[in-house]
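Results of the structural survey
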Amino acid sequence: MTRVSENSTTNALRYTLNKNKLKMEELQLKGSTLKSMTRPSDNPVSNVEAMSISSRIKDNKQYLRNSDYALLNLTETEKAVEQLIDIVGKAKEIAISQSSDFYDGNIRENISMEVQQLRNQALAIANKRVGQKFIFGGFKSLTKPFTDDGKYQGDKGQVTLEISKDFFVPINLNGAEMFYSTSDSQTKNPDPLEEFPDMRNEQGEKPKDVESGAERNLASVQNSKNSEGPGFSNRENIFSQLDSFVSALENNDAPLIRDLLEKFDASVNRLITLQTKIGSITNTIEKTKVDNESNNIASAERKSNLTDADITELFSDITRHQNVLKTTYQASQGMMNQTLLDFLK
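Note that this is a predicted model, so its numbers are computed, not measured.

Each helix and strand in the protein was counted, giving nine helices and four strands. Counting from the amino terminus, helix and strand elements in the protein follow one another as α-α-α-β-β-β-β-α-α-α-α-α-α. Relative to its 345 residues, the protein shows a buried fraction of 35%. When contacts within the protein are restricted to residue pairs at least 6 apart in sequence, long-range pairs at least 24 apart make up 70% of them.

As defined by bridge partners, strand 3 (residues 160-164) adjoins strand 4 (residues 167-170) across four bridges and the pair is classed as antiparallel. Note that in strand 4 the partner of Thr160 across the bridge is Pro170. Between the end of strand 3 and the start of strand 4, which pair antiparallel, lie two residues, with Asp166 showing a positive phi angle near 60°.

A few words on unusual backbone geometry. Excluding glycine, residues mostly carry a negative phi; peptide bonds, for their part, are mostly trans. Look at Asp166: it is not a glycine, yet its phi comes out positive at around 60°. Locating Asp166 in the fold gives a position in the loop between strand 3 and strand 4. Positioned with a positive phi, Asn252 is a non-glycine residue whose angle comes to about 55°. Residue placement: Asn252 occurs in the loop between helix 6 (238-250) and helix 7 (254-307).

Tallying each qualifying case throughout the model produces eight salt bridges. In this structure, Arg119 engages Asp243 in a salt bridge whose closest nitrogen and oxygen atoms are separated by 2.6 Å. With Arg119 in helix 3 (residues 105-126) and Asp243 in helix 6, this residue pair connects regions lying 124 residues apart in the sequence. Relative accessible area serves as the criterion here: at 5%, Arg119 is assigned to the buried category. The salt bridge partner of Lys277 is Glu177, with a shortest N-O separation of 3.8 Å. Separated by 100 residues along the polypeptide, Lys277 in helix 7 and Glu177 in helix 4 (residues 175-179) bring together distant segments of the chain.

The subject of this paragraph is the nonpolar core. Met178, Phe179, Phe245 and Leu271 are the most contacted members of the largest nonpolar core, which totals 50 residues. For this core, the elements supplying multiple residues, two or more each, are helix 2 (44-98), helix 3, strand 3, helix 4, helix 6 and helix 7. Every residue in contact with Leu271, bar those within four places of it in the chain, is listed here: Val81, Leu84, Ile85, Val88, Met178 and Ile238. Within the second largest apolar cluster, five residues are counted, among which are Leu27, Ala309, Leu314 and Ile318.

To continue, consider the packing of helix 3 against helix 6. Interhelical geometry of helix 3 versus helix 6 gives an angle of 165° and a closest axis separation of 7 Å. Accordingly, the angle class assigned to the pair helix 3 and helix 6 is roughly antiparallel. In the crossing of helix 3 with helix 6, the sense of the turn from one axis to the other is left-handed. In this structure, helix 3 contributes Gly105, Arg108, Glu109, Ile111, Ser112, Val115, Gln116, Leu118, Arg119, Ala122, Leu123 and Ala126 to the contact, and helix 6 contributes Phe239, Leu242, Asp243, Phe245, Val246, Leu249 and Glu250. In terms of residue class, the contact of helix 3 with helix 6 is built from eleven nonpolar, three polar and five charged.

Turning our eyes to something else, we now look at the environment of Ser36. With respect to the helices, strands and loops of the structure, Ser36 is situated in the loop between helix 1 (6-33) and helix 2. The exposure class assigned to Ser36 is partly exposed, which follows from its relative accessible area of 26%. Here the alpha-carbon distance between Ser36 and Asp310, two residues 274 residues apart in the chain, equals 7.6 Å.

Another aspect to go through is the environment of Leu242. Mapped onto the elements of the fold, Leu242 is located in helix 6. Ignoring anything within four residues of it in the chain, the contact list for Leu242 reads Ala91, Val115, Leu118, Arg119, Ala122 and Phe264.

This paragraph deals with the confidence of the model for the protein. Per-residue pLDDT for the protein averages 79, and the proportion of residues at 70 or more is 78%. Across the protein, strand 4 holds the top mean pLDDT of 94, while helix 5 (residues 208-225) sits lowest at 39. Contacts of residues 183-193 to residues separated by more than four positions or lying in other chains number 15 contacts, the stretch itself having pLDDT below 50. Confidence over residues 206-234 falls short of pLDDT 50; this stretch has 37 contacts with residues more than four positions distant or in other chains.

Below, the discussion takes up the packing of aromatic side chains. According to the stated counting rule, one finds six aromatic pairs in the structure shown. Note on Phe146 and Phe239: the rings are 5.3 Å apart at their centroids and 55° apart in plane angle, and the pair reads as tilted. With Phe146 in the loop between strand 2 (133-134) and strand 3 and Phe239 in helix 6, the pair connects residues that are 93 residues apart, well separated along the chain. Considered together, Phe146 and Phe239 belong to a single accessibility category, that of buried residues. What links up through ring pairs into an aromatic cluster is the set Phe136, Phe146, Tyr152, Phe179 and Phe239.

So, how was this worked out
- Residues numbered from 1 in each chain as written.
- Predicted model: local features only at pLDDT ≥ 70, side-chain atom pairs only at ≥ 80, totals over all residues.
- Heavy atoms only, no water.
- Helix = DSSP H or I, 4+ residues; strand = E, 2+ residues; numbered from the N terminus.
- Buried < 20%, exposed > 50% of the residue type's maximum accessible area, 1.4 Å probe, protein only.
- Contact = heavy atoms within 4.5 Å.
- Pairing = 2+ DSSP bridges.
- Salt bridge = Lys/Arg side-chain N within 4 Å of Asp/Glu carboxyl O.
- Core = buried A, V, L, I, M, F, W, Y, C linked by side-chain atoms within 4.5 Å.
- Axes fitted to C-alpha atoms, helices over the stretch in contact; angles between N-to-C directions.
- Parallel < 35°, antiparallel > 145°, perpendicular 65-115°, else oblique.
- Left-handed = near helix turned anticlockwise from the far one by under 90°.
- Nonpolar A, V, L, I, M, F, W, Y, C, P; charged D, E, K, R; others polar.
- pLDDT = per-residue confidence, 0-100.
- Phe/Tyr/Trp six-rings, centres within 6.5 Å; stacked < 30°, edge-to-face > 60°.

Written out as structure tokens, the structure reads:
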């Protein structure tokens, strides 16, 4: 029969106590955090997935902040477009009434002051800001886009924000597309025949289309030298239309007033198109924002399933191990307190 030494018994009791105490410590730590994992080694696979989900949730929160900022800028831009449509529409109404010969020069001169105020309102809209940034300056958002005489000082920059993974949307309109009636000639697609300068017809001359295209291109280059702003050719814009209207009213020039009616129509149509563009972008952002919020809820639920502890099971285990530890203490109490006299009896 093998003899069990006192050291062996003591070590066994110590091992059992330490094991139960360590398990109790882990359960108490999980109970205080309500998490099923206290260290990555508890469940490496679930821990990696939980970290990936946490990163995705943080990204979505930033996308939501980007969406809110984009909606703020687009809302202010849409309001500016609506106000500008009202201004141009009001100018057109005045032009319709003043285009007839019923009114004399004195009345038209008085009306010109009202049109001048409309121009001042349009200039205030052109230099509108959100916070410290001008919304119609393109990338030059800290520079005043329009001077008092209506000259554009900004650029054609299109500011974009990422509102979802690899999904960018524009959040601004530049002053060129907002206030200028036609697009810059330099941005038009070139004539494909320009790539073949040696092309000749049967008589050895350039085709007429090529010659006329060259003349138009030459005229475009010449016009671009007299630009109102960097990279913009001299062309009609809302400010020049209103200035011409004021001048026509002051000079009692009815034919010029009638000529401006078509230009006002073109400006209103362009602004309505821009308003539609803003509305479509806004709808896209709002839909993407809802999707991001739904993804956050689903991701949070999945992360909870991976990392959160089952409270009922957890506290049941704590109670059970408390009883086990208490029993271990009671069982070892008599053996651990033995003295030499007890063995000599």
